[in-house]
Amino acid sequence: MVLIIALSYNAVRKQFIAMQITDLRDLNASLSVSLLSVIDLRNNDLDQLTKSLGSEIQARITVVDTIGKVLADSESDPLTMKNHRRRPEIEQALSGNIAHARRFSTTVEKNMLYVASPLVKNGQIVAVVRTSIYLSHLNNLFHQIINRIVKISLLVIIVALSAAFLLARRYSKPINQLVSAARQIEQGKLETRVNIHTNDELDELAESFNAMTAELNRLLTDFARQRDELQTIVSAVPSGLLVLNAAGRVAFYNREFQKIATQKEIQDKYYWEILRQPQFTEFIKGIQENRSNRTQEIGIDDKTYLCSATADTTGGEIVLIFSDISELKAVQRLKRDFVVNVSHELRTPLTAIKGFVETLQEESAGDEHRYLTIIARHTERLINIVNDLLTLSELEEKNQIEYEPVDLGDLLPDTVKIFEEHLQAKNLAIEIETDSPLIVRADPFKLQQVLINLLDNAIKYTEKGKVTVKAHQVGNEVQITIADTGCGIPAEHLSRIFERFYVVDKSRSRQLGGTGLGLAIAKHIVLLHNGHLAVESQPEKGTIFKIILPCVNKKTSESYS
Ligand code: ADP
């Protein structure tokens, strides 16, 4: 409003003066009738009329003749007044126009606003009537108006401010309430609620706020309960639990793991600080590089742990579970020792029995010879079992492979040679197909043992047809296949034939001198070579055993050769 007043002050003042000019023009017009009626009479009459009219209308009236002589004036004696011909408004009025001027009056010595109009009688200008008002008077009037406007404006401002203040208070109170409630929630006081009833959007906001807080409270309670449950479960787990973040630092661990760790403070430490085991460090590095899940036995102090690692591919975390298998290992060792001892103890008497039975067989005939043959066959089988058990125990004990480059181009024909007699006896054909040289990194004796076991089975369980042995490099792997055209293995047995002592047809296997350990030994050896042993079979059509071994890279094979 102040701005409006300040900017429009001049315009209003101009308009006000223009209005005054119009008023004076109208006044001139209305005065002209009475003045024209006395203009021909004596100057005195005109002057008196002018003075009486002037006292009534609060404006100065001056009548000037055509040569500029003042004929009458409502506030001065015309005789004392100078010639007005050169006054601009008079000059213009004499030329027939209604004119106005603002200037200082030498007669009354004040600033005045003049409006002069020609007095026309019978079509001729006979004089000029000029009305004027004091500018100070005009200014006073104007200022009175402005004053009033300012007062009204102030009143409006006060009323507007009070209304604004009341409205602001109405809105700021609930908003303040919301703000302080939000602060309390920030401090964890989730039971805080706001109480606002304004019947407008704030009311809705408060309702949503309360609902949101209630939901938050519920979620957090749920979350805390789940966390507690998880904490209870995790601490109750009898295995050590360790979570490493992407940088390899400890993010989480349970009580059981604290017992395994070599340090007391382990949170945020690097994995190699908390378990100073090269084996463990290598294990974690491998997982970090390949982001694959792995399981490995790790010896810590005098205990053995089975460490299973799950790598989270998104967050880069690794979850490790340490299960104490020391007792299991001890039992395994006991069992192995027992098997080895028993096998060793049995081997000598069995060999002696075999020797004596063979001697007796030479001197026997008829039923006696038949019984001795049966005894010899069973003794042979027992010796086979004892030997196979010893082989398995040995493999388990060492659990290690002495690698060297092996050329399958030589090894396969050499091994097949061992079975020449068997093949001929059963009238079976043999086919060898291999890249030569085809180098694999393996333990030659152990790999030959696998081939012997598989070839032995292929010949044992095939009555007619042929046995095919192939070895080729396929991508990064070397594949050795031993296929036969024998009796095959029914599908339901395929998943179990690698188990120890598992035989598909007991009487047949026994008759053929089988032990049920051949495939178990073969599988064990292939696994030790980080390889894979697979089987495909169709009953009455044949069986294919496939040994898959990781390939030796060129550099290594060159360095070997
Ligand atoms: P075994 O000493 O009895 O041959 P293995 O462990 O070598 O024991 O084989 C387990 C079982 O798998 C055998 O009893 C036999 O039933 C089956 N089997 C293995 N190889 C073959 C094959 N080439 N053809 C058919 N059956 C086979």
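Quick caveat: nothing in here was measured; it's all calculated off a predicted structure.

Peer 1: Can you explain the sheet that holds strand β16 (residues 532-538)? Please cite residues and give values.
Peer 2: With respect to topology, five strands assemble into an open sheet ordered β12-β14-β15-β17-β16, the strand pairing being mixed. Bordering the open sheet on either side are β12 (429-434) and β16, each of which pairs with just one other strand. Here the average twist between neighbouring strands, direction ignored, is 10°. Pairing of strand β15 (residues 477-484) with strand β17 (residues 542-550) involves seven bridges; the strand directions are antiparallel. For Glu-477, the partnering residue across the bridge sits in β17 and is Pro-550. Packed on one face of the sheet, helix α11 (residues 408-418) meets β12, β14 (466-474) and β15 and runs near 170° to β12.

Peer 1: Break down the domain arrangement of the chain for me, with residues and values.
Peer 2: You can read the domains of the chain as domain 1 (2-141), domain 2 (237-324), domain 3 (329-396) and domain 4 (400-560). If you average the C-alpha positions of domain 2 and of domain 3, the two centres end up 46 Å apart.

Peer 1: Any chance you could break down the packing of helix α13 (residues 444-460) against helix α16 (residues 518-528) for me, citing the residues and the numbers?
Peer 2: Orientation of α13 relative to α16, taken along the N-to-C sense of each, is 145°, at an axis distance of 9 Å. Every pair of crossing elements has a handedness; the one defined by α13 and α16 is left-handed. Where α13 abuts α16, its residues Lys-446, Leu-447, Gln-449, Val-450, Asn-453, Leu-454 and Asn-457 lie against Gly-518, Leu-519, Ile-521, Ala-522, Ile-525 and Val-526. Of the residues in the contact of α13 with α16, the class split is eight nonpolar, four polar and one charged.

Peer 1: I'd like a rundown of the pairing of strand β2 (residues 70-73), residues and numbers included.
Peer 2: Moving residue by residue along a regular strand, the side chains alternate between the two faces of the sheet. Sheet topology places strand β1 (residues 60-65) next to β2; three bridges connect them, and they run antiparallel. The partner of Val-63 across the bridge, within β2, is Ala-72. Once β1 ends, the chain turns through four residues before running back antiparallel as β2, passing Gly-68 with a positive phi of about 100°.

Peer 1: Explain the packing of aromatic side chains to me, using residue names and the numbers behind them.
Peer 2: For the coordinates displayed, the defined rule picks out eight aromatic pairs. For the ring pair Tyr-271 and Phe-280, a centre distance of 6.2 Å and an interplane angle of 75° mean the geometry is edge-to-face. Relative accessible area serves as the criterion here: at 6%, Tyr-271 is assigned to the buried category. With a centroid separation of 5.9 Å and an interplanar angle of 45°, the aromatic rings of Phe-280 and Phe-322 are classed as tilted.

The rules behind these values
Residues numbered from 1 in each chain as written. Predicted model: local features only at pLDDT ≥ 70, side-chain atom pairs only at ≥ 80, totals over all residues. Heavy atoms only, no water. Pairing = 2+ DSSP bridges. Helix = DSSP H or I, 4+ residues; strand = E, 2+ residues; numbered from the N terminus. Axes fitted to C-alpha atoms, helices over the stretch in contact; angles between N-to-C directions. Contact = heavy atoms within 4.5 Å. Domains from an automatic or database assignment. Left-handed = near helix turned anticlockwise from the far one by under 90°. Nonpolar A, V, L, I, M, F, W, Y, C, P; charged D, E, K, R; others polar. Phe/Tyr/Trp six-rings, centres within 6.5 Å; stacked < 30°, edge-to-face > 60°. Buried < 20%, exposed > 50% of the residue type's maximum accessible area, 1.4 Å probe, protein only.

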